[in-house]
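# Remarks on the overall topology
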Amino acid sequence: MLIQGAGGNTSIKIGRAMWVKASGQWLIDSEDKNIFVQVDLVTGDMVYKEERILRPSIETALHLVLPHKIVVHVHSVNALSWLVREDACAHLDELLKGMRWAWIPYVKPGKELAAHVRARFEDSAADIYLLQNHGVVVAAEDFKQIYLLIGELEKRLGHTVPQATSLAGSIVVDFPKPLGWRLPKYDEVHRLAVSEPSRNLVSKRAMFPDQVVFLGEAPLVCATLLDLGESVRKYEACNGRKPGWLIIEGHGVIVPEEFSAGGEELLRCLARVVARVPPKMKVNYLTAESVGALLDWDAEKYRRSIELKD
Ligand SMILES: [Zn+2]
């Protein structure tokens, strides 16, 4: 619910250095392998440049602009389900009453985002930043405080009632798949095909950055089981590439055989986010310009390449 695959990033400042999660690495692996790199607190450069194997997180600048010892950035499902809504700001004042938080309108992750957070910190000294269509940043001086802040935030933003999550009996996934396609890892993803409000929300455009990076702008939506292979071929002819994933209305979701582990996590995140957005609610999609900026970004290409190596 908080972190999906390689998404999000955490850091701790010790002395003149900051340890930050390396780009493309999964936080869940942190106890088994070294996934953190050390950067200079002032310049942001890696302390040991020979450690070429790992690169500092895309959001390193964001971690550096906040003076707190610990900074945690997550793409929380509960937060995202609010942050994509057009009416988010109108509700957050009430939901987060008493917390020191600040709103950051959507900007490209990385340096631009860091500059906005720095400006907001200077005039608000907030320790929680809600990033429109993106996620949450929580900053504190010790782990206990971070833990409490995230817990409180999740409790307050989790007030929306998810639609029933059980899919029992409502899906039939033993339909023939086109060559090179398979079912996704998590069953709850089929909600995106079975629930009309969910399907409508995801079939237009993408709502948050990691959705674009790992799933593409929108799935191919097929109205029937007939001619799935033909629909995929037509899509490829028009777009010059395979669709990122595919929805068969009322039946289920299928993904390319080579779909990445990160893609699986993001697809489940997407299903969970839209299940928490009330039907007919207006959401903000990322603009074509924002999507283009994410797809063209070398830093994101690197992160995707790491994912494929796994
Ligand atoms: Zn992020």
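Scroll up to find the structure this text is about.
These remarks concern the structure in this document. On a predicted model such as this, the values are computed, not experimentally measured, just so you know.

### Section: helix 5 (residues 143-157)
Since there are 3.6 residues in each turn of an α-helix, residues three or four apart along the chain are aligned in direction. Taking 1.5 Å per residue as the helical rise, helix 5 with its 15 residues ought to reach 21 Å, and the 21 Å between its terminal C-alpha atoms agrees with that figure. Regarding helix 5, the residues found buried are Ile146, Leu149, Ile150, Leu153, Glu154, Arg156 and Leu157. Within helix 5, the buried residues cover an arc of 165° as seen down the axis, which keeps them to one side. Facing away from the buried side of helix 5, by more than 90 degrees, are the exposed residues Lys144, Tyr147 and Lys155. Its buried side turned inward, helix 5 meets strand 4 (70-74), helix 2 (77-83), helix 3 (88-95), strand 6 (128-131) and strand 7 (135-140). At the N-terminal end of helix 5, a side-chain oxygen is found 3.1 Å from the backbone nitrogen of Lys144, two or three residues along, and the residue is Asp142.

### Focus on the pattern of salt bridges
A full pass over the atoms with the stated rule returns 14 salt bridges. Where Lys155 meets Glu152, a salt bridge forms, and the shortest distance between an N and an O atom there is 3.8 Å. With Lys155 and Glu152 both in helix 5, this residue pair falls three residues apart, about one helical turn. The exposed category is assigned to Lys155, whose relative accessible area is 56%. Here Glu265 makes a salt bridge to Arg268, at a shortest N to O gap of 3.3 Å. Of this pair, Glu265 and Arg268 both sit in helix 10 (residues 261-275), separated by three residues, roughly a single helical turn. Given the relative accessible area of 11%, Glu265 is considered buried. Connected via shared salt-bridge partners are Glu152, Lys155 and Arg156.

Conventions we followed
Residues numbered from 1 in each chain as written. Predicted model: local features only at pLDDT ≥ 70, side-chain atom pairs only at ≥ 80, totals over all residues. Heavy atoms only, no water. Helix = DSSP H or I, 4+ residues; strand = E, 2+ residues; numbered from the N terminus. Expected span 1.5 Å × (residues − 1). Buried < 20%, exposed > 50% of the residue type's maximum accessible area, 1.4 Å probe, protein only. Arc of directions from axis to C-beta. Contact = heavy atoms within 4.5 Å. Polar contact = N/O pair within 3.5 Å; in protein donor to acceptor, adjacent residues only side chain to side chain. Salt bridge = Lys/Arg side-chain N within 4 Å of Asp/Glu carboxyl O.

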